[in-house]
Amino acid sequence: MQRGNFGSKIGIILATAGSAVGLGNVWRFPFMTGQNGGAAFIVLYIGCILLLGIPGMVSEFIIGRHAQSNAYRAYRQMGGRLWRWVGILGILTSTIILGFYAVVAGWCLQYLYASLAGQLAGDAAYVQHYFQQFSSSALKPCLWAVAFVLITHLVIVRGVQQGIERASKILMPLLLVLLLVIVVASCLLPGAVDGVRFLLLPDFSKVTHSVLLEALGQAFFSLSLGTACLCTYASYFTRRTNLLQSAAQIALIDTAIAILAGLMIFPAAFSVGVNPDSGPSLIFITLPNVFQQAFAQMPAVGYVISILFYALLVFAALTSTISMHEIGTAFFHEELHMSRRKAAWVLTTVCSVLSVFCSLSVGAVSGISLFGLSLMDFCDLLTAQAMLPAGALLTSVMIGWFASGKTVRDEFTNHGTANVALFSAWRFSVRFIVPLCILLIFLHQVGVI
């Protein structure tokens, strides 16, 4: 079976960076920064990217590039038959995440439409009521969620170069341009300098062990470790791709976009006296009010900024859903010998059904629950606190202790032509530091530490 490959180095970087860049960068990173002391959190976060993120990314790259196949077969080839279940775990994890992620992505589509139609103009109570009314509807959120899965499907069925790579080359530059436009507008507001100072001048007196663990967790989730996404995309890398260099470039893009998102939100929030640490409600309740108040003297500018912001969220979400969809599609295509189109439809159907039930569980039908949680919250909890850490931990253990040392070294160094001097340090990190970091994240999430 002929497999696709990325056609260019920039395609590799943009597509893989797009898989990491998502709503977590534009929404979760700013509010986590707000809750954990601003610039000091960012410094710790960058350290955690170097400590955990890049070594973990390279591990998945090695598995995928070596096998040139879907995650199930890649883990089996690298570690043996027992390890194929880690690949299956990654495929299941990404499918579940896509199911509930599409719900929030659908909300972004609705808000983009509402911004275009001028429906978000009103006071704080109106905006909050708008979100509650929309999210509790039985039909609208479901339709938007399914629509987002279908948009993702349209990219996936076109293949690696014509679908994923081409979309990434359009979406990632657009995302960056939109982000920069809003950053400039936000930083020109009166009082914006206080927000910039909060974001860029660290106060290490605010650092606690909890802040350190939160930074570690953000670094882990931001780069999509444990989903088999990086492994799947790496299977489309050419043999000439420098894995360590690519991981560093992707981590740099991911971190830069997260910091730019902070520069977009904090100056505007500080300008109107709002602290952007309000969690999930930030992008659907708090920020519409922030933009409206901040640009009250220039309503036309506020209208445009609101549209650009929700377009930015849609693009960020789409770059992530494309990668999550591809993981399962590649598995069905290669292991069950389906055509790529049919394999994509299987995953699209499964994720659409799951997204509908997740949407209903937090809206119109509160009875759709498991263990006292809505289905959407349960899927979020299951993947974030169990499946993702387990997948990433097992990956580092396999690469560090069970995979052929020669094979791992050959892949890391491109058969002795790159990064030879750094191999031992990376191998030590994957064997000892990365598993410890993942274990700490897990224990912090479940409340043990």
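Everything that follows concerns the structure shown earlier in this document.
The written sequence of each chain sets the order in which its residues are numbered from 1. pLDDT decides what is reported in this predicted model: residues at 70 or higher carry local features, side-chain atom pairs at 80 or more are listed and counted, and totals for whole chains, interfaces and linings draw on all residues regardless. Side-chain measures were taken over the full set of non-hydrogen atoms in the model, leaving aside hydrogen atoms and water.

Draft legend 1. Layout of the overall build of the protein. Helix and strand counts for the protein stand at 18 helices and 2 strands. Note that the radius of gyration is over C-alpha atoms, with the globule rule given as 2.2 Å times the number of residues to the power 0.38. Here the protein has a C-alpha radius of gyration of 21 Å; the compact-globule value for 449 residues is 22 Å, and the two agree. In terms of its C-alpha atoms, the protein occupies a principal-axis envelope of roughly 65 × 50 × 45 Å. Looking at the protein residue by residue over its 449 residues, the buried ones come to 60%. Residue contacts are defined here by distance: any two heavy atoms, one from each residue, within 4.5 Å place the two residues in contact. Put simply, of all contacts in the protein between residues at least 6 apart along the chain, 81% involve residues at least 24 apart. When the accessible area of the protein is evaluated, it comes to approximately 17,000 Å², of which 68% is carbon and sulfur surface. In this charge count, Lys and Arg are treated as positive and Asp and Glu as negative; neither His nor the chain ends contribute. For charged residues, the charge sits on one atom: NZ in Lys, CZ in Arg, CG in Asp, CD in Glu. Side chains of the protein give 23 positive and 15 negative charges; the mean places of these two sets differ by 14 Å. Labels follow the DSSP assignment, with helices taken as runs of H or I lasting at least four residues and strands as runs of E lasting at least two, numbered in each case from the N terminus. Burial classes follow relative accessibility: with a 1.4 Å probe on protein chains only, a residue under 20% of its type's maximum area counts as buried, one over 50% as exposed, and anything between as partly exposed. We get accessible surface area from the Shrake-Rupley algorithm with a probe of 1.4 Å; when it comes to residues, only the shown protein chains can shield them.

Draft legend 2. Highlighting the nonpolar core. Among buried residues, those of type Ala, Val, Leu, Ile, Met, Phe, Trp, Tyr and Cys that are joined through side-chain atoms within 4.5 Å constitute a nonpolar core. Ranked by size, the top nonpolar core spans 163 residues in total, and within it Met-264, Phe-309 and Ile-399 carry the most contacts. Residues contacting Ile-399, with those up to four places away along its chain left out, are Ser-59, Ile-62, Ile-63, Met-78, Val-408, Trp-426, Arg-427 and Val-430.

Draft legend 3. Here's a closer look at unusual backbone geometry. Backbone geometry places Ser-224, a non-glycine residue, at a positive phi of 60°. Among the structural elements, Ser-224 can be located in the loop between α10 (209-222) and α11 (229-234). Of note, the phi angle at Asn-419 is positive, near 60°, even though the residue is not glycine. Within the fold, Asn-419 resides in the loop between α17 (405-413) and α18 (423-445).

Draft legend 4. Focus on the packing of aromatic side chains. Stacked, tilted and edge-to-face pairs are distinguished by plane angle, under 30 degrees for stacked and over 60 for edge-to-face with tilted covering the rest, among Phe, Tyr and Trp rings (Trp via its six-membered ring) whose centres lie within 6.5 Å. This model, assessed by the stated rule, comprises 30 aromatic pairs. Relative to Phe-237, the ring of Phe-6 has its centre 6.4 Å away and its plane inclined at 50°; by these criteria the two rings are tilted. Residue Phe-6 is found in the segment before α1 (9-20), and its partner Phe-237 is found in the loop between α11 and α12 (243-271); the two are separated by 231 residues along the sequence. The exposure class assigned to Phe-6 is buried, which follows from its relative accessible area of 3%. In this structure Phe-237 comes out as buried when scored by relative accessible area, which is 0%. Each residue in the set Trp-107, Tyr-111, Tyr-126, Tyr-130, Phe-131, Phe-284, Phe-291, Phe-309 and Tyr-310 is aromatic and connected to the rest through ring pairs, giving one cluster. Over the ring of Trp-401 we find Arg-431; its NZ or CZ atom is 4.3 Å from the centre of that ring. When the NZ atom of lysine or the CZ atom of arginine is within 6 Å of a ring's centre and also within 35 degrees of its normal, the charge is said to sit over that ring.

Draft legend 5. Highlighting the packing of α17 against α18. For the pair α17 and α18, the least separation of the axes is 11 Å and the interaxial angle reads 120°. Taken together, the axes of α17 and α18 lie oblique to each other. Remark: the crossing between α17 and α18 carries right-handed chirality. Every residue of α18 that contacts α17 at Gly-405, Val-408, Arg-409, Phe-412 and Thr-413 is listed here: Phe-423, Trp-426 and Arg-427. Just so you know the grouping, Ala, Val, Leu, Ile, Met, Phe, Trp, Tyr, Cys and Pro go in nonpolar, Asp, Glu, Lys and Arg go in charged, and all remaining residues, Gly too, go in polar. For the contact of α17 with α18, the residue count by class is 4 nonpolar, 2 polar and 2 charged. For helices, the fitted line uses only the C-alpha atoms of the stretch in contact; every axis is such a line through C-alpha atoms, and the angle between N-to-C directions lies from 0 to 180 degrees. The cut-offs work like this: below 35 degrees is roughly parallel, past 145 is roughly antiparallel, 65 to 115 is roughly perpendicular, and the gaps in between are oblique. The sense of a crossing depends on the near helix, which, turned anticlockwise from the far helix by less than a right angle, makes the crossing left-handed and, turned clockwise, makes it right-handed.

Draft legend 6. Here's a closer look at a nonpolar patch on the surface. Patch definition: residues above 30% relative accessible area lacking any salt bridge, with like charges linked at up to 9 Å and the nonpolar side chains Val, Leu, Ile, Met, Phe, Trp and Tyr linked at up to 5 Å. Definition used for salt bridges: Asp or Glu carboxyl oxygen within 4 Å of a side-chain nitrogen of Lys or Arg. A cluster of nonpolar side chains, Leu-439, Phe-442, Val-446, Val-448 and Ile-449, forms an exposed patch at the surface whose accessible area comes to about 400 Å². Inspection of the secondary structure assignment puts Ile-449 in the segment after α18. Given a relative accessible area of 40%, Ile-449 falls into the partly exposed group.

Draft legend 7. Quick peek at helix α6 (residues 124-135). Under the 1.5 Å per step criterion, the end-to-end length of α6 is 17 Å for 12 residues, consistent within 8% with the ideal 16 Å. Among the residues of α6, Val-127, Tyr-130, Phe-131, Phe-134 and Ser-135 are the ones counted as buried. Looking straight down α6, one finds that the buried residues subtend no more than 110° of arc, so they occupy a single side. Projecting away from the buried face of α6 at angles above 90 degrees are the exposed residues Ala-125 and Gln-133. Its buried side turned inward, α6 meets α5 (84-116), α7 (140-156) and α13 (282-294). Multiplying 1.5 Å by the helix residue count minus one yields the expected span of that helix. The arc in question is formed by the directions pointing from the helix axis toward the C-beta atoms.

Draft legend 8. Looking closely at the side chain of Thr-329. Within the secondary structure, Thr-329 sits in helix α14 (residues 299-335). Beyond its immediate sequence surroundings of up to four residues, Thr-329 is in contact with Ile-156, Arg-340, Ala-343, Ala-344 and Leu-347.

Draft legend 9. The arrangement of the pattern of salt bridges in detail. Here the structure, examined in full by the defined rule, presents 7 salt bridges. One salt bridge in this structure joins Glu-326 and Arg-340, with 2.4 Å as the shortest N-O distance. With a gap of 14 residues between them, Glu-326 in helix α14 and Arg-340 in helix α15 (residues 340-361) connect regions that are remote in the sequence.

So far we have only geometry, and geometry alone does not tell us how the molecule works.
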